[in-house]
Amino acid sequence: MTTFVELLLGGLSTGAVYALIALGFVVIFKATEVVNFAHASLLLAGGYLTAVLHDGLGFWAALAVGVAGAAVVGAAVEFLVMRRYRGGDHSVLAIVTIGVDILLVTELTRRIGTRVLSPGDPWGDQVATFGPLSLAHTRIAALVAAALLITAFLLAFRFTSWGVAMRAAAENPQTAALMGVRLGRVSLSAWAVAGALAAVAALFLTVFPTPGLERATSLAAMKAFPAAILGGLDSTTGALAGGLIVGVVESLATGYQGELSFLGRGIGDLAPYLVMVAVLLIRPAGLFGTKELARV
C-alpha cells in the first residue's frame, strides 16, 4: 500500500507538470485552431536558458529569463512564421509547426551536445518523509507550482479582458474581429503564454530524480500530447484532467512493471498512448472536448 501511495503522489506531481504542457497545446489551439507540434522546442528552449544561466545569474533569475525567453521564442514563431499563413488550411499550419520544431530542436540539441545540464534548482536530491511515505522535494515543488500556475491561468482566462478576448476568438473569430478583438494580438499572447508554461514544465522535468536537461528532454512534450488529446484540445479543464490521468497512469505502469511483464518492457512509456486511444474510442472529442455538429 505504501508503494501504491508513493507512486500515486509521484504520478500526480508529474501529471501536474504534464498539465502545464497540455495547457500550452490547448491555449494555442483555442486561439488559432492549430495543433502546435513546435511545443517541444519551446520547452527545450526555456530549459536550456535556465540551465546555462543559473551559474551566473542565480537560479531564480535564470528561471525568470528562461520563462521570458521561451515566451519570446513562442511569440517570435507566431509573428514571423504563423502569421504569414493566417487564414490558411489548419492542417497545413500544423505541418508548418513541425518544420519550426525541427529547426529549433536541431539548433538547441547542437548546442547541448552530449552534455547533461543541471537546472541549478535549490531542492537537490532532498526527500521529505511522512511516516512510511517518502517524496522528493522536487515532486512537492512541482505539484505546488503547477497548482498555482494553473489556478492563476484559469482565473485570468475567466475574469480578465485577455481571457474574454481569447474565449471570443475561440468561439467565433469572425464575429470577435468585428467586435474589436484583435485576433493577431490574441494569437501572439497565446504563443507567449504557451512558451512560458513550457519553460516552467521544463524545469520540473529536469530536476531530481532525472539527471538534468539533455537532448531527449524535448520528447517529454510528446508525453503531454496524449493528455491534451484525451482531455479535449479545446478544453482548459481537459488539459488539467488529462495531465493528471497521464501522469498517474505512467507512474503506476512504470512502478508495477514487474507485475505487468507479460505486456513487455517499457509499458510505462506506452501506457499514456493506450489510455488516449481507449478514451478516444469512447469519446472522440476527448473527455471535455466540444463535439462538432454538421448539417448534411
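Residues numbered from 1 in each chain as written. Predicted model: local features only at pLDDT ≥ 70, side-chain atom pairs only at ≥ 80, totals over all residues. Heavy atoms only, no water.

Student: Please explain the overall build of the protein chain as it appears in this structure.
Tutor: Helix and strand counts for the protein chain come out as eleven helices and two strands. Order of helices (α) and strands (β) in the protein chain, N terminus to C terminus: α-α-α-α-β-β-α-α-α-α-α-α-α. Expected size for 296 residues packed as a compact globule is a radius of gyration near 19 Å; at 19 Å, the protein chain falls within 12% of this value. Taking the principal axes of its C-alpha atoms as reference, the protein chain extends roughly 60 × 50 × 35 Å. The proportion of buried residues among the 296 residues of the protein chain is 47%. Contacts in the protein chain between residues far apart in sequence, at least 24 positions, make up 75% of those at least 6 positions apart. As displayed, the protein chain has an accessible area near 14,400 Å², and 66% of this comes from carbon and sulfur atoms. Once the 18 positive and 16 negative side-chain charges of the protein chain are each reduced to a mean point, those two points are 9 Å apart. (Helix = DSSP H or I, 4+ residues; strand = E, 2+ residues; numbered from the N terminus. Rg over C-alpha atoms; globule rule 2.2 N^0.38 Å. Buried < 20%, exposed > 50% of the residue type's maximum accessible area, 1.4 Å probe, protein only. Contact = heavy atoms within 4.5 Å. Areas by Shrake-Rupley, 256 points an atom, 1.4 Å probe, with all protein chains shown as cover. Lys, Arg positive; Asp, Glu negative; His and termini not counted. Charge placed at Lys NZ, Arg CZ, Asp CG, Glu CD.)

Student: What is the right way to look at helix α11 (residues 267-282) in this model?
Tutor: Between the first and last C-alpha of α11 there are 22 Å, a value that for 16 residues agrees with the 22 Å anticipated at 1.5 Å per step. Listing the buried residues of α11 in full gives Ile 267, Gly 268, Ala 271, Pro 272, Met 276 and Val 279. Where the residues of α11 are buried, they touch α9 (220-231) and α10 (236-255). (Expected span 1.5 Å × (residues − 1).)

Student: Whenever I open this one, the packing of helix α5 (residues 137-159) against helix α6 (residues 161-171) confuses me. Can you help?
Tutor: The relative placement of two packed helices comes down to the angle between their axes together with the axis-to-axis distance. Running from N to C, α5 and α6 point in directions that differ by 75°, and their axes come no closer than 5 Å. It follows that α5 is roughly perpendicular to α6 by the angle criterion. Between α5 and α6, the residues in contact are Phe 153, Ala 156, Phe 157, Arg 158 and Phe 159 and Ser 161, Trp 162, Gly 163, Val 164, Met 166 and Arg 167, respectively. Grouping the constituent residues of the contact of α5 with α6 by class yields seven nonpolar, two polar and two charged. (Axes fitted to C-alpha atoms, helices over the stretch in contact; angles between N-to-C directions. Parallel < 35°, antiparallel > 145°, perpendicular 65-115°, else oblique. Nonpolar A, V, L, I, M, F, W, Y, C, P; charged D, E, K, R; others polar.)

Student: Quick question: what am I supposed to make of unusual backbone geometry here?
Tutor: Negative phi is the rule for most residues except glycine; trans is the rule for most peptide bonds. With an omega of 15°, the peptide bond between Phe 208 and Pro 209 qualifies as cis. By the secondary structure assignment, Pro 209 is in the loop between α8 (183-205) and α9. Backbone geometry at Glu 33 places phi at a positive 60°, although glycine is not the residue there. Tracing the backbone shows Glu 33 in the loop between α1 (2-32) and α2 (39-57). In this structure Glu 33 comes out as partly exposed when scored by relative accessible area, which is 36%.

Student: Would you mind showing me how to read the environment of Gly 231 here?
Tutor: With respect to the element layout, Gly 231 can be found in helix α9. By relative accessible area, Gly 231 is classed as buried at 0%. Along the sequence, Gly 231 and Asn 172 sit 59 residues apart, while their C-alpha atoms lie 22 Å from each other. Among residues more than four places away in sequence, those in contact with Gly 231 are Gly 238, Gly 286, Leu 287, Phe 288 and Gly 289.

Student: I would appreciate a short explanation of the packing of aromatic side chains in the present structure.
Tutor: We describe a pair of aromatic rings using the distance from one ring centre to the other and the angle between the two ring planes. Following the criterion strictly, the structure yields nine aromatic pairs and no others. Ring centres of Phe 157 and Trp 162 lie 6.4 Å apart, and the angle between their planes is 70°; this geometry places the pair in the edge-to-face category. An aromatic cluster is defined as three or more aromatic residues linked by ring pairs; in this entry it consists of Phe 59, Trp 60, Trp 123 and Phe 204. The lysine or arginine in question, Arg 84, covers the ring of Phe 79, its NZ or CZ lying 5.7 Å from the ring centre. (Phe/Tyr/Trp six-rings, centres within 6.5 Å; stacked < 30°, edge-to-face > 60°. Lys NZ or Arg CZ within 6 Å of the ring centre and 35° of its normal.)

Student: It is not clear to me how the side chain of Ser 187 should be interpreted in this structure. Could you clarify?
Tutor: Among the structural elements, Ser 187 can be located in helix α8. Given the relative accessible area of 6%, Ser 187 is considered buried. Once residues within four sequence positions are removed from consideration, Ser 187 is found in contact with Ala 31, Thr 32 and Glu 78.

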